[in-house]
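Descriptive analysis of the structure
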Amino acid sequence: MQTLGACVMWLGLVLILLGGLFFVIAAFRESILWGLGVLFVPFVSLVFLVLNWSRAKNSFFLQLYGIGAIIVASLLLSAKFPIILH
């Protein structure tokens, strides 16, 4: 069960990283100022997400799926299953 939890954890991390990368790419495609703002200024990414929902929603949901996978993995890794003796 720990191997499955570790694999799901890595999958979640990869999804979060890819979603973040695609989000930054979408911001730079809009303009260089949006891209630099998303990279260096706090909360600009949230403003970009709201104002450019059609361009940024796929990367946002990819990051949410990654967070969900990490939550599932943490539940798998912390679960204590009873040993059934016959």
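Residues numbered from 1 in each chain as written. Predicted model: local features only at pLDDT ≥ 70, side-chain atom pairs only at ≥ 80, totals over all residues. Heavy atoms only, no water.

What follows concerns the packing of helix α1 (residues 2-30) against helix α2 (residues 32-40). Relative orientation and spacing of two packed helices are given, respectively, by the angle between their axes and the distance between those axes. Contact geometry for α1 and α2: axes closest at 5 Å, N-to-C directions at 145°. Where α1 approaches α2, its residues Phe23, Val24, Ala27, Phe28 and Glu30 are matched on the opposing element by Ile32, Trp34, Gly35, Leu36, Val38 and Leu39. Looking at the contact of α1 with α2 residue by residue, the class counts come to 9 nonpolar, 1 polar and 1 charged. (Axes fitted to C-alpha atoms, helices over the stretch in contact; angles between N-to-C directions. Helix = DSSP H or I, 4+ residues; strand = E, 2+ residues; numbered from the N terminus. Contact = heavy atoms within 4.5 Å. Nonpolar A, V, L, I, M, F, W, Y, C, P; charged D, E, K, R; others polar.)

Okay, unusual backbone geometry next. The phi dihedral of Phe43 falls on the positive side, at around 70°, and the residue is not glycine. Given the relative accessible area of 68%, Phe43 is considered exposed. (Buried < 20%, exposed > 50% of the residue type's maximum accessible area, 1.4 Å probe, protein only.)

Here we take up the packing of aromatic side chains. Inspection of the entire model under this criterion finds 5 aromatic pairs. Aromatic ring contacts, followed pair by pair, group Phe23, Trp34 and Phe48 into a single cluster. (Phe/Tyr/Trp six-rings, centres within 6.5 Å; stacked < 30°, edge-to-face > 60°.)

Listed in full, the 8 residues of the largest apolar core are Phe23, Ala26, Ala27, Val38, Val44, Phe48, Leu49 and Ala56. Counting residues per element, the ones that place at least two in this core are α1 and α3 (44-51). When near neighbours in sequence (up to four residues on either side) are disregarded, Ala56 contacts Phe23, Phe48 and Leu49. (Core = buried A, V, L, I, M, F, W, Y, C linked by side-chain atoms within 4.5 Å.)

Another point: α2. Gly35, Gly37 and Val38 are the residues of α2 that are buried. Viewed end-on, α2 has its buried residues packed into an arc of 165°, placing them on one side of the element. With respect to the buried face of α2, the exposed residues turned more than 90 degrees away are Ile32, Leu33 and Phe40. (Arc of directions from axis to C-beta.)

Checked against the element boundaries, Asn52 lands in the loop between α3 and α4 (53-78). A relative accessible area of 9% means that Asn52 is categorised as buried. A sequence separation of 11 residues divides Asn52 from Gln63, and the C-alpha atoms of the two residues are 16 Å apart. Residues in contact with Asn52, not counting those within four places in the same chain, are Glu30 and Trp34.

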